[in-house]
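Okay, here's what each chain looks like letter by letter:
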Amino acid sequence: MNSLRNWVSKSRERSGQALIEFMFVGFILLFMLFGMIDFCRSISTRQVLINLSREAANLAARGTGSTPDAAISNAIAAVIAGAAPLSITTNGLVIITAVLNSNGTFLVTNQIKEGALSNTAPSKIAPLGVGSTANMPVTAVPIPQTNQTMFVSEVYYSYKPATPIGKLLNFNMTNTLYDAAFF
């Protein structure tokens, strides 16, 4: 009988220790789980932006309108409509720029922006708009031939973490994700 009491009292002591150990390990695992959720969401959002920018440049280059402005506007509308699960109209921006190679000088002939970030996120390719010289990263972009137009689409998205840990630590790579495509 005495040994039974000793065994019961020792098991009660161990259960308290196990609870404290589980609390520490559980907190770390929960922290890692929420961090992975936000990190994976940011990677997924980045991949959607890459696809959107490529599609926007492709649609603008194909020209689904009677004028260059109409073709660019139609491309932007199609990309925003197909941007699910992202909401470009409330958290993003699409910029499509037409760049003409005029004997080695890249002139911006058209540029249209649409989205909620239009005042806060300027174009990195043509920040001064129509009539300016484009900032073309020559090493990364195929150079169009003389008197040929290239369409550049830029997509911005303001990423917000979904989990409490992500919000607490502001766990994201950057507040505004960006991608550009040239076609």
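Refer to the preceding data block for the structure.
Residues numbered from 1 in each chain as written. Predicted model: local features only at pLDDT ≥ 70, side-chain atom pairs only at ≥ 80, totals over all residues. Heavy atoms only, no water.

A. Representation of helix H2 (residues 68-81). With 14 residues, H2 should reach 20 Å at 1.5 Å per residue; the first-to-last C-alpha distance of 20 Å fits that figure. Among the residues of H2, Ala71, Ile72, Ala75, Ile76, Val79 and Ile80 are the ones counted as buried. Each buried residue of H2 lies within a common arc of 160° when the element is viewed along its axis, so the set occupies one face. (Helix = DSSP H or I, 4+ residues; strand = E, 2+ residues; numbered from the N terminus. Expected span 1.5 Å × (residues − 1). Buried < 20%, exposed > 50% of the residue type's maximum accessible area, 1.4 Å probe, protein only. Arc of directions from axis to C-beta.)

B. The arrangement of the pattern of salt bridges in detail. In total, this model carries 2 salt bridges according to the counting rule given. For the salt bridge of Asp38 with Arg41, the shortest nitrogen-to-oxygen distance reads 3.9 Å. Note that Asp38 and Arg41 are positioned in helix H1 (residues 2-62) at a spacing of 3 residues, about one turn of the helix. When its relative accessible area of 0% is taken as the criterion, Asp38 is described as buried. Among the residues examined, Arg41 registers a relative accessible area of 34% and is labelled partly exposed. Between Asp179 and Arg46 there is a salt bridge, and its shortest N-O distance comes to 3.3 Å. Here Arg46 lies in helix H1 and Asp179 lies in strand S4 (residues 176-182), a separation of 133 residues in the sequence. (Salt bridge = Lys/Arg side-chain N within 4 Å of Asp/Glu carboxyl O.)

C. Geometry of the sheet that holds strand S3 (residues 149-158). Spatially, S2-S1-S3-S4 is the arrangement adopted by the 4 strands of the open sheet, whose pairing is antiparallel. Looking at which strands have only one partner, the edges of the open sheet turn out to be strand S2 (105-115) and S4. Averaged over all adjacent pairs, the angle separating strand axes in this sheet is 15°, with direction ignored. Sheet analysis places strand S1 (residues 92-102) next to S3, joined by 9 bridges and oriented antiparallel. Bridge assignment links Val94 to a residue of S3, and that residue is Val155. Where H2 meets the sheet, its contacts fall on S1, S2 and S3, and the angle it forms with S2 comes to roughly 45°. (Pairing = 2+ DSSP bridges. Axes fitted to C-alpha atoms, helices over the stretch in contact; angles between N-to-C directions. Contact = heavy atoms within 4.5 Å.)

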